[in-house]
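What follows is the residue order along each chain.
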Amino acid sequence: MHAQVPRNFRLLDELEKGEKGLGDPNVSYGLERGDDNTLSNWMGMIQGPPGGSHEGRLYSVSIHCGPNYPQEAPRVRFVCRINMNCVNQNNGNVDPHAFRIIGNWNPTYSMETILVELRKEMNSAANKRLPQPPEGSNY
């Protein structure tokens, strides 16, 4: 059994990593508002992978880390419209039943894990060629 890192320590660590641009260069993330002392509301960006209908697009993602993060998965929602099988087309919410990283959440996962895996999902056979909404359209 390993020690549980307090929520704020974990989120401050993720904030530092996000602000310094460490990790995968195709995703980025940080606090939605700099004065969010609860470290709850985050914005992520995903660069669409090459070779499919997502190529050349940037996707904004809202991430809400509740009081039990990282023991419980955050809520994730696309801000800009995207056609993917794991995204609710009415509101942009990522469906935990259709996206295994959230559905089978592990406390070792991070916001970067979510963004990287969403990018991989864009390139999956089920999503790679789906027609996309016009750029700049939001939920």
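Residues numbered from 1 in each chain as written. Predicted model: local features only at pLDDT ≥ 70, side-chain atom pairs only at ≥ 80, totals over all residues. Heavy atoms only, no water.

Participant: Explain the pairing of strand β3 (residues 58-64) to me, using residue names and the numbers behind them.
Facilitator: Of all the seven residues making up β3, five are buried; the element is thus mostly covered by neighbouring parts of the structure. Looking at chain direction, strand β2 (residues 41-47) and β3 are connected through seven bridges and run antiparallel. Note on β3: the bridge partner recorded for W42 is I63. Two strands pair when backbone bridges link them, and β3 and strand β4 (residues 75-78) are joined in this way by four bridges, in the antiparallel orientation. Residue pairing for β4: H64 is matched across the bridge by R75. (Buried < 20%, exposed > 50% of the residue type's maximum accessible area, 1.4 Å probe, protein only. Helix = DSSP H or I, 4+ residues; strand = E, 2+ residues; numbered from the N terminus. Pairing = 2+ DSSP bridges.)

Participant: So what about the packing of aromatic side chains? Which residues, and what values?
Facilitator: Tallying each qualifying case throughout the model produces three aromatic pairs. Pairing W105 with Y109 gives two aromatic rings, centres 5.5 Å apart and planes at 80 degrees, and the pair type is edge-to-face. What links up through ring pairs into an aromatic cluster is the set Y69, W105 and Y109. (Phe/Tyr/Trp six-rings, centres within 6.5 Å; stacked < 30°, edge-to-face > 60°.)

Participant: Help me get a handle on helix α1 (residues 7-20), residues and values and all.
Facilitator: The terminal C-alpha atoms of α1, which comprises 14 residues, lie 20 Å apart, in line with the 20 Å expected from a rise of 1.5 Å per residue. Structurally, α1 contributes buried residues whose contacts are with β1 (27-31), β2 and α3 (111-122). Looking one or two residues past α1, G21 carries a phi angle of roughly 70 degrees, positive in sign. (Expected span 1.5 Å × (residues − 1). Contact = heavy atoms within 4.5 Å.)

Participant: With reference to specific residues and values, describe the UniProt feature "domain: UBC core" (unreviewed entry) in the protein chain.
Facilitator: Residues annotated in UniProt with the feature "domain: UBC core" (unreviewed entry) correspond here to residues 6-139. Between the end C-alpha atoms of residues 6-139 the distance is 33 Å, and the span holds 22% helix and 17% strand. (UniProt positions renumbered as here; feature names shortened; annotations may be inferred.)

Participant: Just give me the short version of α3, but keep the residues and values in it.
Facilitator: When the terminal C-alpha atoms of α3 are compared, their 17 Å separation across 12 residues agrees well with the 16 Å that a helix rising 1.5 Å per residue should span. The element α3 is extensively covered by neighbouring structure, given that nine of its 12 residues are classed as buried. Those residues of α3 not exposed but buried are M111, E112, I114, L115, V116, E117, L118, R119 and M122. Next to the buried residues of α3 lie α1, β1, β2, β3, β4 and α2 (100-103). Between the side-chain oxygen of the N-cap and the backbone nitrogen of E112 there are 3.3 Å, and the N-cap of α3 in question is S110. (Polar contact = N/O pair within 3.5 Å; in protein donor to acceptor, adjacent residues only side chain to side chain.)

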